[in-house]
Amino acid sequence: MSDDDRTRREGVHPRRPSTVTRLEGANAAASADYLARGSLVGRYVVLDVLGSGGMGVVYGAFDPELDRKVAIKLLQPREADAAGTSATSTDPKAWLVREAQALARLSHPNVVAVYDVGTLPGDGEPVFVAMELVDGVTLREWLKQRPRPWREALPVLVAAGQGLAAAHGAGLVHRDFKPDNVVVAHDGRARVMDFGLARLGRDLAGDDDDEPASRDSDLAIEHRSPLSEQLTMAGTVLGTPAYMAPEVYRGEPADPRSDQFSFGVTLFEALYRARPYKRADLAPPATARPPRLPTNASELGIPARVQRVVLRALAWDRDQRYPSMTELLADLRVQDGRKPTWVVAIGLGLVALAAVGGVYLMRGSHRELCKGADKRLAGVWDPAIEKQVETAFLATKKPFAVPAFAGVVKGLDRYTTAWTAAVTESCEATRVRGEQTEDTLSLREACLDNHLEEVRVMTGLLGQADAAMVEKGDKVVIGLDPLAECANVTLLRAPSQPPAAQREELAKWGKKIAEAKADLAAGIYLASLIASSAAIEGAKALGYEPMVAEARIVHGAALLTSANFPGASEDFREAVWAAIRGKRDDLAASADLSMALVTTDAGGRPSEAAIWLGHAEAISARLGPDENFQRRELEISGLIAAESGDFATAIAKHEKALAVAEAALPKESPGLLTDEINLATTYSRAGAYGKAAPHFEHAKALRAASVGLEHPDIALIESDLGAAYTHLGETAKARAAFESSLSIREKFYGQNSPLLVAPLDNFAELLRKQGDVEAALSYQERALTLCKLVPGVAHPMYHQLVTDYVDTLIAAKRFADAHVQLEAVFALEQANQSPTLPASQTARAELALAEAKPADADKYATLAIANYETTGGDKNPLLWRPLTALARARIAIGKLADAKPLLERALAIGKLAQISESDLAPTVALVANLKP
């Protein structure tokens, strides 16, 4: 049995990004009130106590499912009692759930990630949140370790500010930003945490019907340890007194500028080693007053220009502060002498505008005008960014980190070199050769700018890569949109350009889509869902259908990674209609292809999938030739044909897809990997193992060149290679491949991973052929147990596994057990319209032959032949086996004349499909025995 090709498509078994880290510096003393080591919180195993605060206890814990350490925040019953019973303001369960929901909306390198939220059985249903466990200390502890010069402290605060700005961009207000809610990892990265006081964007609109702030001047403040120095009493203002903005003290709704004030207090404290205000300075009836500068302020060497930024953030009137954290940070970076990326971009843009006005003529050559596109890669993909990526990859300590990094570098170098060439070529086509209008140049440049933005987002993610992203390696880069679409003038001139008045607003949502695409390629699926969902709503509000379609395609692809077929189907279907309304044939065709694929994956409905596929082909014809679309259409149509059992069509489609890819890419390009595996897998499923093996071998070489030989992807290919070698009679190679596959998978996924199912079953087939039936049964029983969990008994993979198990039971002469298994799998296959039914019917025929019941064998072999012919035609490569079984039944009945044409047909089909000689040997022997 070969690995199911859908297992290869990223996301069927998604792995969350993991950061195995630890928060130090908290009050972690053990107490009788704390959970004991080894206690279970949901699925998490408690290891130790990290700290306690106003909203509960934080534990270090282990996640056995994903094999990583996490932090678990658990609301204590005594905190629930103390907090009061108000359902709107201080319900502790609502607070903790709000914290999880707020953080789950964020995916940013400077924000602590939330993985899970749940409730525990018992009084009050305690709530827990599973979060990223960070190896570091709070910002307060970091500042206390030793005096930090302003040049050392400022970058850490800027990074924390970026996390806060990301929260604001997602419509969240933190409401309790302070040094205790920033953690500085040992690698120097700062992350914002503890969004227990955050709430959604209704604060931005001033809707304060949830958690009403008190307007009392006599505030009830509960001072605790630094981790819990926050206001928690029912019906009061929420926050930590020393960091609260004056307007919050006055009972006014908090907004991002209130967070900015808290950031200003924290920044002041980090730079001047003192606080700018006392609580009495801020609490009503306080009036505006300047911050207190410490007596040694002049000795700290902080430039006046930096001080101006701090004082503006601390302005008493919120309208006098920066309009946003983003503008504050940009100003702070400039004051620090480092221009932000957007400043560089504006500068380059002004140079370009000056050039258009004729300044370029001073250079003496029109061609000079089009040079310098590579400079736009600064801050996107340059030596400094490459070094960040290398550091992140090596920090995971994965055995394949070094080759994976090399593969990423090679892929990004190739992509950005092609991008630079495309920008230069487009410029020269207009400005040098006069072959292209200024309007077309503008359209192509806008398209290429979008691709550069995707690269920028991607390299930012790679610079913070975790083990899961490192495991993907250069697949992340391969997932970038092809540059060729920016040369398709027909597409670029589609009558769907937005009105000029909307372009600035749409550009913002376009960046969100770029983020979503990068997150999707990097395997950060939740972040991709959040970003694409925001883009969908933003584009809907503007009524711009093409962007709605594009965002829905990304959102659907992210849902598909978790096998959410109904949600993905809705997204792709709505994307088709939105694209058609927006007159974007390219997006409609792309959504059609995705719809065809998900229709097949969701329920094996090839006739419905064929309709979507036909629509894609028809609508794409208006766009002209497109290699990328043609290749994807061939890949998907081949998968659909294979799922419906039409292997002849599937092979033809995948052979052509590989040919298209080879014509466009170098022979050893990692971009060939998918097409090599698709073709090899289809050959294997058709029984043509002799043709499959070379393609699997090339796929292994391609992937090893990118990630080395100890990578889980190598294990996937090794399993299929072992199956091919088994059928080719190359048992030594087969055993080595299976042992390698199991070793790698058990190392990375554990003993109970569903990813062990295929190699276990394939290894069992080899053992059965070698006569070690008991060992084969043991491997298959283990595989069955795992497969019942994922992908489950309704999946064709499980049905094929049972059929293979029956073959081994027959070899062990356990006929009664074989009957039980077959009856059960028949019911499952019929209920789920499984394409494996004829294989099970063939096994049932062979069981009848082993029991000397030729009439039953005749019945089931005939059914299998009819089903195979229905799905794959009269030359279906899989027909040779039931044809042989039927011939054996006719011989046993005494109908020798019927048997000979059946055997001759089986041999003709087997040889055409290049079935191995060892597999065809029994059929050949029967033909020989029939000869006079």
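Scoring rules and cut-offs
- Once a new chain begins, its residue numbering starts again from 1 and follows that chain's sequence as written.
- Given that this is a predicted model, residues contribute local features only at a pLDDT of at least 70 and side-chain atom pairs are listed and counted only at 80 or more, while totals for whole chains, interfaces and linings are drawn from all residues.
- For side-chain calculations, the full set of non-hydrogen atoms in the structure is used, while hydrogens and water are omitted.
- Numbered from the N terminus, helices here are DSSP runs of H or I no shorter than four residues, and strands are runs of E no shorter than two.
- With a 1.4 Å probe rolled over the protein chains alone, any residue whose accessible area is under 20% of its type maximum counts as buried; one over 50% counts as exposed, and the rest are partly exposed.
- Residue contacts are defined here by distance: any two heavy atoms, one from each residue, within 4.5 Å place the two residues in contact.
- Accessible surface is estimated by sampling points in the Shrake-Rupley manner with a 1.4 Å probe; for residues, cover comes only from the protein chains shown.
- Under the pairing criterion, centres of Phe, Tyr and Trp rings, with the six-membered ring standing for Trp, must be within 6.5 Å; the plane angle then separates stacked pairs below 30 degrees from edge-to-face pairs above 60, leaving the rest tilted.
- Note on geometry: axes are C-alpha line fits, over the in-contact stretch for helices, and angles between N-to-C directions span 0 to 180 degrees.
- Orientation labels follow simple angle bins: below 35 degrees gives roughly parallel, above 145 gives roughly antiparallel, 65 to 115 gives roughly perpendicular, and whatever is left gives oblique.
- Handedness of a crossing follows from how the near helix is turned relative to the far one, being left-handed for an anticlockwise turn of less than a right angle and right-handed for a clockwise one.
- Put simply, a disulfide is two cysteine sulfurs that come within 2.5 Å.
- Each salt bridge in this description consists of a side-chain nitrogen of Lys or Arg and a carboxyl oxygen of Asp or Glu lying within 4 Å of one another.
- A strand pair is defined by DSSP finding two or more bridges across the two strands.
- Helix span, as expected, comes to 1.5 Å for every residue beyond the first.
- Take the buried Ala, Val, Leu, Ile, Met, Phe, Trp, Tyr and Cys residues and link them wherever side-chain atoms come within 4.5 Å; each set so joined is a nonpolar core.
- Pairs of N or O atoms are called polar contacts if they sit within 3.5 Å, as long as, within protein, a hydrogen donor faces a hydrogen acceptor (for residues adjacent in sequence, only side-chain-to-side-chain pairs).
- Known as pLDDT, the predictor's per-residue confidence is scaled from 0 to 100.
- Under this grouping Gly is polar, as are all residues other than the nonpolar Ala, Val, Leu, Ile, Met, Phe, Trp, Tyr, Cys and Pro and the charged Asp, Glu, Lys and Arg.

Below, the discussion takes up the overall build of the chain. A tally of regular secondary structure across the chain gives 38 helices and 10 strands. Each of the 932 residues in the chain was classed as buried or not, and the buried ones make up 55%. For the chain, long-range pairs separated by at least 24 residues make up 65% of all intrachain contacts whose partners lie at least 6 apart in sequence. With an accessible surface of roughly 38,400 Å², the chain has 55% of that area assigned to carbon and sulfur atoms.

Here the focus is the packing of aromatic side chains. Enumeration according to the criterion identifies 11 aromatic pairs in this entry. Between Trp-577 and Trp-612, the ring centres sit 5.9 Å apart and the planes meet at 40°, which makes this aromatic pair tilted. Highlighted residues: Trp-577 in helix H21 (residues 565-581) and Trp-612 in helix H23 (residues 606-620), separated in sequence by 35 residues. Classification of Trp-612 as buried rests on a relative accessible area of 12%. An angle of 10° between the planes, with centres 6.0 Å apart, marks the rings of Phe-826 and Tyr-860 as stacked.

So, on to the environment of Ala-468. In this structure, Ala-468 sits in helix H15 (residues 467-472). The spatial distance from the C-alpha of Ala-468 to the C-alpha of Thr-396 is 9.4 Å, given a sequence separation of 72 residues.

Helix H19 (residues 525-542) packs onto helix H18 (residues 503-522) with a crossing angle of 155° between their chain directions and a minimal axis gap of 8 Å. As summarised for this structure, H18 and H19 are arranged roughly antiparallel, according to the angle between their axes. As for how H18 packs across H19, the hand of that crossing is left-handed. Residue-level inspection shows Glu-505, Leu-506, Trp-509, Lys-512, Ile-513, Glu-515, Ala-516, Asp-519 and Leu-520 of H18 in contact with H19, the latter providing Tyr-525, Ala-527, Ser-528, Ala-531, Ser-532, Ala-534, Ala-535, Gly-538, Ala-539 and Leu-542.

This next bit is on the state of the cysteines. As enumerated under the stated definition, the model contains 2 disulfides in all. Between the sulfur of Cys-370 and that of Cys-427 lies a disulfide, 2.1 Å long from S to S. Here Cys-370 and Cys-427 share a disulfide; its torsion about the S-S bond, -75°, makes the bridge left-handed. A residue pair is termed long-range when its members are at least 10 positions apart, and Cys-370 in the loop between helix H11 (341-356) and helix H12 (383-395) and Cys-427 in helix H13 (residues 401-431) qualify at 57 residues. The two residues Cys-370 and Cys-427 agree in class, both being buried. Cysteine pairing in the chain follows 1-2, 3-4, where each cysteine in a disulfide is numbered by its order in the sequence.

The final tally for this structure, using the stated rule, is 44 salt bridges. Salt-bridge contacts for Glu-247 lead to Arg-318; the nearest nitrogen and oxygen are separated by 3.9 Å. Here Arg-318 lies in the loop between helix H9 (304-313) and helix H10 (325-335) and Glu-247 lies in helix H6 (residues 246-249), a separation of 71 residues in the sequence. Each member of the pair, Glu-247 as well as Arg-318, carries the same accessibility label: buried. Notably, a salt bridge pairs Asp-807 with Arg-881, separated by 3.1 Å at the nearest N-O pair. Of this pair, Asp-807 sits in helix H32 (residues 796-811) while Arg-881 sits in helix H36 (residues 880-893); the two residues are 74 residues apart in sequence, bridging distant segments of the chain. Take Asp-807: its relative accessible area is 13%, and that puts it in the buried class. Salt bridges sharing common partners tie together Glu-247, Arg-250, Glu-252, Asp-255, Arg-257, Arg-318, Asp-319 and Arg-321.

What follows deals with the pairing of strand E5 (residues 68-74). Within E5, 6 of the 7 residues are buried, which leaves the element mostly enclosed by the surrounding structure. What sits between strand E4 (residues 56-63) and E5 in their antiparallel hairpin is a turn of 4 residues, with Asp-67 showing a positive phi close to 55°. Sheet topology places E5 next to strand E7 (residues 127-131); 4 bridges connect them, and they run antiparallel. Residue pairing in the sheet places Ala-71 in a bridge with Met-131 of E7.

What follows concerns helix H35 (residues 854-872). Spanning 19 residues, H35 covers 26 Å between terminal C-alpha atoms, matching the ideal 27 Å at 1.5 Å per step. Structurally, H35 contributes buried residues whose contacts are with helix H33 (815-832), helix H34 (837-850) and H36. With its phi angle positive at about 85°, Gly-873 sits one or two positions after the end of H35.

Of all hydrophobic cores here, the largest spans 83 residues; its most connected members are Val-757, Val-806 and Leu-883. It is H32 that provides the largest number of residues to this core, a total of 8 residues. Setting aside chain neighbours within four positions, we find Val-757 in contact with Ala-783, Leu-786, Cys-787, Met-797 and Leu-801. Ala-190, Leu-271, Tyr-322 and Leu-329 belong to the second largest nonpolar core, which has 49 residues in total.

Among the secondary structure elements, Asp-474 is positioned in the loop between H15 and helix H16 (475-478). For Asp-474, a relative accessible area of 3% gives the class buried. A polar atom in the side chain of Asp-474 sits 2.8 Å from the side chain of Arg-703. Apart from residues no more than four positions distant in its own chain, Asp-474 is found in contact with Gly-407, Val-408, Pro-670, Arg-703 and Ser-706.

Here Lys-472 shows up in helix H15. Sequence spacing of Lys-472 and Gly-523 is 51 residues, and the spatial spacing of their C-alpha atoms is 7.9 Å.

Further remarks concern the confidence of the model for the chain. Averaged over all residues, the pLDDT of the chain is 80; the fraction at 70 or higher stands at 80%. Here residues 1-32 scores under 50 on pLDDT; set against residues more than four positions off or in separate chains, the count is 121 contacts. A low-confidence stretch, residues 77-90 stays under pLDDT 50, and its non-local contacts, those more than four residues away or across chains, total 25 contacts.

Time to look at the packing of helix H24 (residues 627-643) against helix H26 (residues 673-685). Each packed pair of helices is defined by two parameters, the angle between the axes and the distance between the axes. Orientation of H24 relative to H26, taken along the N-to-C sense of each, is 20°, at an axis distance of 11 Å. What the angle tells us is that H24 and H26 run roughly parallel. Two packed elements cross with a definite hand, and for H24 against H26 that hand is left-handed. For the pair H24 and H26, the contacting residues are Arg-631, Glu-635, Leu-639, Ala-642 and Glu-643 in the first and Thr-674, Asp-675, Asn-678 and Arg-685 in the second. In the contact of H24 with H26, the residues fall into 2 nonpolar, 2 polar and 5 charged.

Taking burial as the measure, the 5 residues of E7 include 5 buried ones, the bulk of the element. By the alternation rule, side chains of E7 split into Val-127, Val-129 and Met-131 and Phe-128 and Ala-130, which are all buried. Across 5 bridges, the pairing between strand E6 (residues 114-119) and E7 is antiparallel. Bridging across to E7, Asp-116 finds its partner in Ala-130.

With that out of the way, let us pick up the environment of Ala-516. Tracing the sequence through the fold places Ala-516 in helix H18. Taking C-alpha positions, Ala-516 is 5.5 Å from Ser-532, a pair spaced 16 residues apart along the chain. Setting aside residues no more than four positions away along its own chain, Ala-516 makes contact with Ser-528, Ala-531, Ser-532 and Val-554.

The residue after Val-790, namely Pro-791, is reached through a cis peptide bond having omega 5°. Relative to the helices and strands, Pro-791 is located in the loop between helix H31 (773-789) and H32. Positive phi is not limited to glycine here, since Arg-175 has a value of about 75°. The residue Arg-175 is located in the loop between helix H5 (150-169) and strand E9 (182-185) in this model. With phi around 60°, Lys-397 is a residue other than glycine that occupies positive phi space. Residue classification places Lys-397 among the exposed residues on the basis of a relative accessible area of 70%.

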